[in-house]
Amino acid sequence: MKSILLVFSFLMLLSCSVTKEEKVLKKIYIKEFKYRYFASCVKNGFDNSKEVQTLFEVDNSGYGEPILGDKYLLIDSIAKITAKKIKLDSVNSIGKIAEGVQGKKVFSTCLCEYNSNWLDSIAKNEYKKNLKLDRDFKRVLNKN
């Protein structure tokens, strides 16, 4: 009985450490996804100008490794859509609002989108897809 209890306790401890590790990885993945979106939104919002390129060359935000796999293209596509909305809003505001506030609102729009529920939702869904692919891949490897 004691050996069964000991084995069960060990398995529970092992299970908890895996869960904690998964939570940490999920948090890193989502944070990196959102940061890359913000960076791409700003770059595209300012038409990838030399000034913006210089800022991102010296900025060390984000994770050092490419942990998002093939999601960088998805993120860039979403950010390009946001940049188009920023430009369209700017054009549509001409003559409708005070001159002092006309023009593109890149930082405020990108920051609001960074903090939005829809971006959280996309990042979480992409994490789940990535996790499922990893598990499926490991299952295939273990069969061979």
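Residues numbered from 1 in each chain as written. Predicted model: local features only at pLDDT ≥ 70, side-chain atom pairs only at ≥ 80, totals over all residues. Heavy atoms only, no water.

Caption draft 1: Local environment of unusual backbone geometry. Of note, the phi angle at Asp47 is positive, near 55°, even though the residue is not glycine. By the secondary structure assignment, Asp47 is in the loop between helix H1 (2-45) and helix H2 (50-58). For Asp47, a relative accessible area of 48% puts it in the partly exposed group. Although it is not a glycine, Asn48 adopts a positive phi angle of roughly 50°. The residue Asn48 is located in the loop between H1 and H2 in this model. (Helix = DSSP H or I, 4+ residues; strand = E, 2+ residues; numbered from the N terminus. Buried < 20%, exposed > 50% of the residue type's maximum accessible area, 1.4 Å probe, protein only.)

Caption draft 2: Highlighting the environment of Ile28. Counting through the fold element by element, Ile28 comes out in helix H1. Sequence separation between Ile28 and Tyr63 is 35 residues, and the spatial gap between their C-alpha atoms is 8.2 Å.

Caption draft 3: Focus on the pattern of salt bridges. Summed over the entire model, instances satisfying the criterion amount to 8 salt bridges. For the salt bridge of Asp47 with Lys87, the shortest nitrogen-to-oxygen distance reads 2.5 Å. In this pair, Asp47 sits in the loop between H1 and H2 while Lys87 sits in helix H3 (residues 71-93), placing the two residues 40 residues apart along the sequence. Owing to a relative accessible area of 32%, Lys87 belongs among the partly exposed residues under this scheme. Two residues, Glu126 and Lys129, come together in a salt bridge whose shortest N-O distance is 3.3 Å. Of the two residues, Glu126 and Lys129 both sit in helix H5 (residues 117-143), 3 residues apart, roughly one turn of that helix. Here the salt bridges do not stand alone but share partners, grouping Asp70, Lys71, Glu126 and Lys129 into one network. (Salt bridge = Lys/Arg side-chain N within 4 Å of Asp/Glu carboxyl O.)

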